[in-house]
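Tertiary structure, described
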Amino acid sequence: MAYFRVLKKGFSLAIRARGRSIIFVILFILATTSTILQLSRIYSYETHDLLRLKGVVLEPHTPMRADAIKEKLSRIVNDLGDILSGIYIVYGLNLLDDQLLIISVNAYGQPKFPENIKWVVSEFKPTTLIQGRYIENPREGIVNKGFHLNFTAYGTPMTVHLTVGDSIVFQAGYEVLRVKIVGITSSDISGFKKVSGIPFESVLFIDWSTFKEIATDIKNLPGPIEESPQVYVLRIILVVKGSALSALLKGDIFNYRERVKEYLDANIHTLSPLSIVSVEEIIPSEYQSIVLLLIVSIIFQIIVAGIYAILVIRLRRKDIATLRALGWESKYVKVFVVGEFLSILFIGFILGITIGALYDAFILRIPFNIIPYIIVLFSNLLLPMTIGIKYTSSAALSIPPSEAFRRE
Amino acid sequence: MSEPIIEAIKVTREFSGKRGRVKAIENFSLKIYPGDFIVIYGPSGAGKTTALNLLAGMDRPTSGEIILFRRNVKDLSEEDLAKIRREKIGFIFQFFNLINNLTVLENVIIPLLPTDRSETDMIARAEELLSELKLIGKKNRFPTELSGGEQQRVAVARALITDPEVIMADEPVAQLDEKSAEIVISLLLRANREGKTIILATANQALVNKLKQNISKIITLERGKIVSEETPKARKHSKQK
C-alpha cells in the first residue's frame, strides 16, 4: 500500500511538472512512433511485400503444364539452393468447361519458411480486396470482381453471380466439396488468361489443400497434383535469403536477388518458356534507409530516456535529500523517483505506439502484425526503462540526506 | 532521572577539501534530554549544520560517538537511521524544502507516505495541524503560491505530523520577515512547552537573546569547536546530573 502511494505521488509529480513533462512526452512519442512505423514497414517487406524485397518472379510466356517444370526446378535448386529461402509455385486448374480457373500456391520441396506461402498468395494477387477478407482456413475462397458462372437448367441458359457469404459446391458422384467465398478481389485476371491460354471469366483463389481435393476428388486427376499434366503452372516465385539487419550491414538480400537474376538470364534457354517478370522491387537504399531510421529511432528513445532520467535526478536533488532527511527509506526514495521517470516514459510510449498503429492502419494501410509491437515493447519501453530505473534509483541513493540542509 | 535522548561524545567530523583535510566539527560533546530547547549558535561556517547532520544521524562522525535514542550510530544502518528520523525527529529547514509540485496538504503528509497509516488518518491529522497553523484555507495551493512565512509554517506542520520527540530547525527564520519569524518561533516554543525537544541552529544573536529565557542550553561554535556553553534555563534533569 505504502509503495503504491509513493509510486502514485511520483506519477503526480511528473504530471504536474507540465512544461518539462510535455517536452519529454513529445520526444518519447516521436521516437516510439518512428520506431513502430519503421518496424511495420520492415515487417511488411517480410510479409505482404515479401516479393518486392526478396522475390524474383518467373512466368511462362506460353501455357505450361506442371509435369514440365520438375527438371527445371531441380536445376534451380541445385544451382541456387544456398541463397534461396523458398520456391513457390502458383498452379491453375480449369473447371466447368473452361469457365472457371481455380488458383492456389504451393511450396516446392520443403520451404525453409512455410509461413511465407500466405504472403506469396497475397502478393501474386489478390492484393486488393474490395470486400470480405483473405483466406484463413481450408475450404475458403476469394473470387474476382464480376465472378459469374453460366449454365443451362431445363433448357434455359442462366447466369449465377456469387458474392461474399455464398458457397460453391463441387460435386462428382458422392464426393461433395463446399467452398465458402470470404472475399472479393479487384484483381485483373487477364494475366492468368494469357499464361494459361484459357478464356475463363471467373477465378477462385483457394488454399493448396482444397485445390488438391478438388483436383483429385472432383476432377479425378491422378497424383501427384504438383506434376499433373492437367494442372497449369501460372507463376514461379523464388524468394532469396536475408534479414533486415543483414540487408543493412552487407546488403545480402540485394546481392542474392541480383545473383538469381543473373543466373536466370544466363540460363534462359534451358528454362524456356519461363522468363523473368518485372515486379516493383524495393531498391536497396530505400530499404536500408528504413533500417537505419529504425536504429536511429531506438537510439534516440534511449538517449531521451537517459537525459530525462538525469534531469529528474538533477531537478529533484533537493527533494530527494529532503525525503531522505525526513526518514524515507531507500526503497521508497527509489520508487518515488522511478515513478516520476516511468510515468512520462509510459505516457510517451503508449501515445507513440497508438499514433504509430493508427498511422499504419489508416495512412500506410499496412496489415497488423504483432511482431513490430513486441520489438518496440523491448526497444522503446523495457530497454530504456531498465536503463532509467537503474540510473535513477542508484543516483537517488547517492544523494546524502545532509544535502537537505545545504543552501540553494 | 532521565537519560539523554541524543548524545555526542567527543565527535570530530573531517572533510576532504582543496586544502587537505578540514575539521568541520572538533571534539564536540553534547547531551540532549527530553524537553530540552538547545540552541547551536555561531557564525556562518562555524559547523552548526554539520552538528545538526551528526545529531540527526544524517552523517557519521570521523571519530567520537553519536548515541541516538540509546543506540550508537556506528551500529546502525542507513535504513535504521532513516526509520529513527522518520519516527522521532522532525525537521525545519532554512529554505523550507517543500516540494513545489505537491500541494500544501501533500507536503505536510509526505513524511507519513511510506508508512502503513491510512490515508484518511494522515489527511485528518494534516488538516488538524493546518487549521492550528491557520493554513487550512490554503491546503490545496502549491508552495510557490505562498509567502515565505506561510511556507515555513507548512514546514512546521510537516515536522509535527509524525509527532516527533525532537524537532531540529536549521536557521528556521533566516528567510522570513519579522512577523512571520515571530509566528514560527512561537510555534517552536509551543511545541517545546508541549514536551518536544527542540534543537535550533542559528547565526542570529538577536534571536538567541530573545529566546534566552526559554533555552535550556546555548552552544556557541566557532570554527568547529565549542567555545562556550550556557544553560540559561536549567531543567530538572540538569540538576540531577
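A short tour of the structure in this document, coming up.

What counts as what
By convention here, each chain's residues receive numbers from 1 onward along its written sequence. By the order in which they are written, chains take letters starting at A while ligands take numbers starting at 1. pLDDT decides what is reported in this predicted model: residues at 70 or higher carry local features, side-chain atom pairs at 80 or more are listed and counted, and totals for whole chains, interfaces and linings draw on all residues regardless. A run of H or I in DSSP becomes a helix once it reaches four residues, and a run of E becomes a strand once it reaches two; helices and strands are each numbered from the N terminus. Only the C-alpha atoms count toward the radius of gyration. The rule for a globule is 2.2 Å times the residue count to the power 0.38. For the exposure call, what matters is how many other C-beta atoms sit within 10 Å of a residue's own: 20 or more marks it buried, 12 or fewer exposed, and in between partly exposed, using C-beta atoms placed from the backbone. Note that contacts rest on C-beta atoms placed from the backbone: two residues are in contact if these are within 7 Å. We call two strands paired when DSSP finds no fewer than two bridges between them. Axis lines are fitted through C-alpha atoms, for helices just across the contact stretch, and the angle between N-to-C directions can take any value from 0 to 180 degrees. By our criterion, buried Ala, Val, Leu, Ile, Met, Phe, Trp, Tyr and Cys residues that link up through C-beta atoms within 7 Å make up a nonpolar core. A domain assignment, automatic or from a database, supplies the domain bounds used here. Any angle from 65 to 115 degrees is called roughly perpendicular, while one under 35 is roughly parallel, one over 145 is roughly antiparallel, and all others are oblique. In this scheme the crossing of two helices becomes right-handed for a clockwise turn of the near helix relative to the far one and left-handed for an anticlockwise turn of less than a right angle.

Let us now look at the overall build of chain A. For chain A, the count of helices and strands is 14 helices and twelve strands. On C-alpha atoms alone, chain A measures out to a radius of gyration of 29 Å, which is more than a quarter above the 22 Å that the 2.2 N^0.38 rule sets for 408 residues. Its C-alpha atoms put chain A at 100 × 55 × 30 Å along the principal axes. Counting across all 408 residues of chain A, residues that qualify as buried make up 44%. Considering only contacts in chain A between residues 6 or more positions apart, those separated by 24 or more positions represent 80%.

Looking only at helices and strands, chain B features eight helices and ten strands. Radius of gyration (C-alpha) of chain B: 18 Å, near the 18 Å computed for a compact globule of 241 residues. Dimensions along the principal axes, computed over C-alpha positions, put chain B at roughly 45 × 45 × 40 Å. When each of the 241 residues of chain B is scored for burial, the buried share is 48%.

It is worth spelling out the sheet that holds strand β4 (residues 63–68) of chain B at this point. Residue and element names in this part refer to chain B. Pairing within the open sheet is antiparallel, and its four strands lie in the order β2-β1-β4-β5. Strand pairing shows two members of the sheet lacking a second neighbour, β2 (20–32) and β5 (71–72), which therefore form its edges. As paired strands, β4 and β5 are joined by two bridges and run antiparallel to one another. The residue bridging Leu68 from the neighbouring strand is Arg71, located in β5. Relative to strand β1 (residues 6–17), helix α1 (residues 48–55) is tilted by about 125 degrees, and along the sheet it contacts β1, β2 and β4.

As a further point, take α1(B). All names here are of chain B. In terms of burial, α1 is a largely internal element, eight of the eight residues being buried. Taken as a whole, α1 has its buried residues at Lys48, Thr49, Thr50, Ala51, Leu52, Asn53, Leu54 and Leu55. Of the residues trailing α1, Gly57 is marked for its positive phi of about 75 degrees.

As a further point, take the sheet that holds strand β7 (residues 166–170) of chain B. Residue and element names in this part refer to chain B. Read across the sheet, six strands follow the order β6-β7-β8-β3-β9-β10 without closing on themselves; strand pairing throughout is mixed. Both outer strands of the open sheet, β6 (89–92) and β10 (225–230), are each paired with one neighbouring strand and no more. Ignoring which end each strand starts from, the neighbouring axes of this sheet average 15 degrees apart. Both strand β3 (residues 37–41) and strand β8 (residues 197–202) contribute to a ladder of five bridges, which runs parallel. In the strand pairing of β8, Ile38 is matched with Ile199. Lying over the sheet, α1 contacts β3, β7, β8 and β9 (217–222), oriented at roughly 155 degrees with respect to β8. Running at roughly 170 degrees to β6, helix α5 (residues 148–160) makes contact with β6 and β7 of the sheet.

As a further point, take the nonpolar core. Judged by nonpolar contacts, the single largest core of 186 residues is most densely connected at Phe28(A), Tyr91(A), Val108(B) and Ile199(B). The two domains that each donate at least three residues to this core are domain 1 (2–45 + 287–405) and domain 2 (50–281) of chain A. When residues no more than four places from it in sequence are discounted, the contact partners of Ile199(B) are Ile32(B), Ile38(B), Ile40(B), Leu52(B), Leu55(B), Val166(B) and Met168(B).

Think of two packed helices as two axes; the pair is described by the angle between the axes and how far apart they sit. All names here are of chain A. Here helix α13 (residues 330–364) crosses helix α14 (residues 370–397) at 155 degrees, and the two axes come no closer than 9 Å. One finds that α13 runs roughly antiparallel with respect to α14. Like other packed secondary-structure pairs, α13 and α14 cross with a definite hand, here right-handed. Of α14, the residues touching α13 (which contributes Ser330, Val333, Lys334, Val337, Val338, Phe341, Leu342, Leu345, Phe349 and Ile353) are Tyr373, Val376, Asn380, Leu381, Pro384, Met385, Gly388, Ile389, Thr392, Ser393, Ala396 and Leu397.

This paragraph deals with the environment of Glu3(B). Mapped onto the elements of the fold, Glu3(B) is located in the segment before β1. Residue Glu3(B) is classed as exposed on the basis of its C-beta count, with 12 C-beta atoms lying within 10 Å.

Our next topic: the packing of helix α11 (residues 284–315) of chain A against α14(A). All names here are of chain A. Contact geometry of α11 with α14 gives a least axis separation of 9 Å together with a crossing angle of 25 degrees. On the basis of the axis angle, α11 is roughly parallel to α14. Crossing handedness for the pair α11 and α14: right-handed. For the pair α11 and α14, the contacting residues are Ile298, Gln301, Ile302, Ala305, Gly306, Ala309, Val312 and Ile313 in the first and Ser379, Asn380, Leu383, Pro384, Ile387, Gly388, Tyr391, Thr392, Ala395 and Ala396 in the second.

The subject of this paragraph is the interface of chain A and chain B. The interface of chain A with chain B comprises 24 residues on the first partner and 25 residues on the second. Only α1 (2–16), α12 (317–325) and α13 of chain A provide two or more residues apiece to the side of chain A that touches chain B. For the side of chain A that touches chain B, the element with the highest residue contribution is α1(A), accounting for six residues.

This paragraph deals with the environment of Ser186(A). All names here are of chain A. Residue position: Ser186 is located in the loop between β9 (175–185) and α6 (190–196). A tally of 14 C-beta atoms within 10 Å means that Ser186 is categorised as partly exposed. Residues Ser186 and Ile26 lie 160 residues apart in sequence; the distance between their C-alpha atoms is 41 Å.

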